[in-house]
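Residues per chain are reported as follows:
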Amino acid sequence: MTDLKGRDFLSILDLSVEELEAVLKLARDLKNKQKAGEAHPLCAGKALAMIFQKPSTRTRVSFEVGMFQLGGHALYLNAGDLQLGRGETLADTARALSRFVDGIMIRTFEQFDVEELARHATVPVINGLTDWEHPCQVLADLLTVLEHKGRLAGIKLAYVGDGNNVAHSLLLGGARTGMRIAVATPPGYAPDPELVHRAAAEAVQSGGEIELTADPVGAVRDADVVVTDTWASMGQEAEHDTRVAVFRPYQVNEALVKHARPDYIFMHCLPAHRGEEVTDEIIDGPRSVVWDEAENRLHVQKALLALLL
Ligand code: CP
Ligand code: NVA
């Protein structure tokens, strides 16, 4: 088995393409074992601390249930209830938690904070979403594409909407695995240029492609996978109304997806804002795989935990 013991997972680029493949392979094995009712206590006796500075449904439940199914234990720590909320530093929090647990998952705002935590923790740190990246989500997305399309290399994935954390991780993860990633955003909401530059370099290595555009139809044309995400991420609530007006032409609806391949799949990391970035007819329609995608959070994160902790 690939040895990732002790490693952090702060960005999707923390895993080489071979390591990504190993995580996805183990995820499929563990998914089969779980469905067959076969025990797989790969984290027996181990504990995971989960620090949340933002809300969560899927990340919290999938990590907690995942640790349980692996024979370990997960602790939900609301950042506001920790001494962190009263001024204890992230570094000291990392040092203290490292004496109790075997891994730390954190959902927060700044990518720098996850890196700071990892610098001072002596156990693996996992990024459960920052403003910059959402790497666990993209592991689940890669598994979902693989299950429905049979391969990653050469698959065209169109991301339509905000150039946010999910777009960032999809660009990097897709480029590393040889996918053709087209991102359509309104002007002013494109993914970070340096990150795009990095993704482009990855695409050169893998034979993938990166395309950035303001034209949603062009991005979706002949796509195998159509993805969107909220127009106002956690922390951007005050911008919601302005964003809805700007992003309206980027809604994933019947008119847009008729430009995709007939056998396209629709993905969304969830939570969805129905009637904003996606219509009911699409998210509830026959091409939507959003519940498979949500379930896959469990399987990929179990693989990650089994390999890292
Ligand atoms: N997709 C995702 O991370 O969902 P939660 O915010 O519910 O964890
Ligand atoms: N981009 C969204 C993802 C939620 C899982 C956010 O950061 O709020």
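Residues numbered from 1 in each chain as written. Chains lettered and ligands numbered in written order. Predicted model: local features only at pLDDT ≥ 70, side-chain atom pairs only at ≥ 80, totals over all residues. Heavy atoms only, no water.

## Focus on the sheet that holds strand S4 (residues 125-127)
One open sheet accounts for four strands, arranged S2-S1-S3-S4; its pairing is parallel. Among the strands making up the open sheet, the edge pair consists of strand S2 (73-78) and S4. Between one strand axis and the next, the sheet turns through 20 degrees on average, direction left out of account. Set on the sheet, helix H2 (residues 58-69) makes contact with strand S1 (47-52), S2, strand S3 (103-107) and S4; between it and S1 the angle comes to about 170 degrees. (Pairing = 2+ DSSP bridges. Helix = DSSP H or I, 4+ residues; strand = E, 2+ residues; numbered from the N terminus. Axes fitted to C-alpha atoms, helices over the stretch in contact; angles between N-to-C directions. Contact = heavy atoms within 4.5 Å.)

## Considering the site of ligand 1
In the neighbourhood of ligand 1, the contacting residues comprise Ser56, Thr57, Arg58, Thr59, Arg107, His134, Gln137, Cys269, Leu270 and Arg297. Within the contact set of ligand 1, an oxygen atom lies 2.6 Å away from a side-chain nitrogen or oxygen of Ser56. Within the side chain of His134, a nitrogen or oxygen atom sits 2.8 Å from an oxygen atom of ligand 1. When the free accessible area of ligand 1 is taken as 250 Å², the share hidden by the protein chains comes to 95%. Grouping the constituent residues of the shell around ligand 1 by class yields two nonpolar, five polar and three charged. (Near = heavy atom within 4 Å. Polar contact = N/O pair within 3.5 Å; in protein donor to acceptor, adjacent residues only side chain to side chain. Areas by Shrake-Rupley, 256 points an atom, 1.4 Å probe, with all protein chains shown as cover. Nonpolar A, V, L, I, M, F, W, Y, C, P; charged D, E, K, R; others polar.)

## Focus on the sheet that holds strand S9 (residues 265-268)
As a general point, the strands of a sheet are linked pairwise by backbone hydrogen bonds and lie either parallel or antiparallel. Ordered in space as S7-S6-S5-S8-S9, the five strands form an open sheet in which the pairing is parallel. Single-partner strands in this sheet number two, and they are strand S7 (209-213) and S9. Direction aside, neighbouring strands of the sheet carry axes that sit 20 degrees apart on average. As judged from the five bridges shared by strand S5 (residues 156-160) and strand S6 (residues 180-184), these two strands associate in the parallel manner. If you follow Leu157 over to S6, its bridge partner there is Ile181. Sheet strands in contact with helix H5 (residues 135-149) are strand S8 (225-228) and S9, and its direction is about 165 degrees off that of S9. The strands touched by helix H6 (residues 165-176) within the sheet are S5, S6, S7 and S8, with S6 carrying the most contacts at an inclination of about 160 degrees.

## What to know about the site of ligand 2
Surveying the vicinity of ligand 2 reveals the residues Leu129, His134, Asn164, Asn165, Asp229, Thr230, Ser233, Met234, Cys269 and Leu270. Between ligand 2 and Asp229, the relevant distance is 2.7 Å, taken from a nitrogen atom to a side-chain nitrogen or oxygen of the residue. Between ligand 2 and Met234, the relevant distance is 2.8 Å, taken from an oxygen atom to a main-chain nitrogen or oxygen of the residue. Isolated, ligand 2 exposes 270 Å² of accessible area, and the fraction of that covered by the protein chains is 94%. Across the shell around ligand 2, the residue classes break down as four nonpolar, five polar and one charged.

## Considerations on the environment of Ser206
Mapped onto the fold, Ser206 is located in helix H7 (residues 193-206). According to the relative accessible area criterion, Ser206 is partly exposed, its value standing at 30%. Not counting chain neighbours up to four residues away, the residues in contact with Ser206 comprise Ala175, Arg176 and Gly178. (Buried < 20%, exposed > 50% of the residue type's maximum accessible area, 1.4 Å probe, protein only.)

## Details of the nonpolar core
Phe9, Ile126, Leu139 and Leu305 are the most contacted members of the largest nonpolar core, which has 60 residues in total. Excluding residues that lie within four positions of it along the chain, Leu139 makes contacts with Phe9, Ile12, Leu15, Leu20, Val23, Leu24, Val300 and Leu304. Ala184, Val220, Leu256 and Val278 belong to the second largest nonpolar core, which has 21 residues in total. (Core = buried A, V, L, I, M, F, W, Y, C linked by side-chain atoms within 4.5 Å.)

## Looking at the packing of aromatic side chains
For the structure shown, the criterion picks out three aromatic pairs. Geometrically, the ring pair formed by Trp231 and Phe247 is stacked, given 5.8 Å between the ring centres and 20 degrees between the ring planes. Within this pair, whereas Trp231 is found in the loop between S8 and helix H9 (240-247), its partner Phe247 is found in helix H9, the two being separated by 16 residues in sequence. An identical accessibility class is assigned to Trp231 and Phe247; each is buried. Among the aromatic side chains, those forming a connected cluster through ring pairs are Tyr189, Trp231 and Phe247. Over the face of the ring belonging to Phe109 we find Lys54, whose NZ or CZ atom lies 4.6 Å from the ring centre. Between Arg60 and the ring centre of Tyr76, over which it is positioned, the NZ or CZ distance is 3.5 Å. (Phe/Tyr/Trp six-rings, centres within 6.5 Å; stacked < 30°, edge-to-face > 60°. Lys NZ or Arg CZ within 6 Å of the ring centre and 35° of its normal.)

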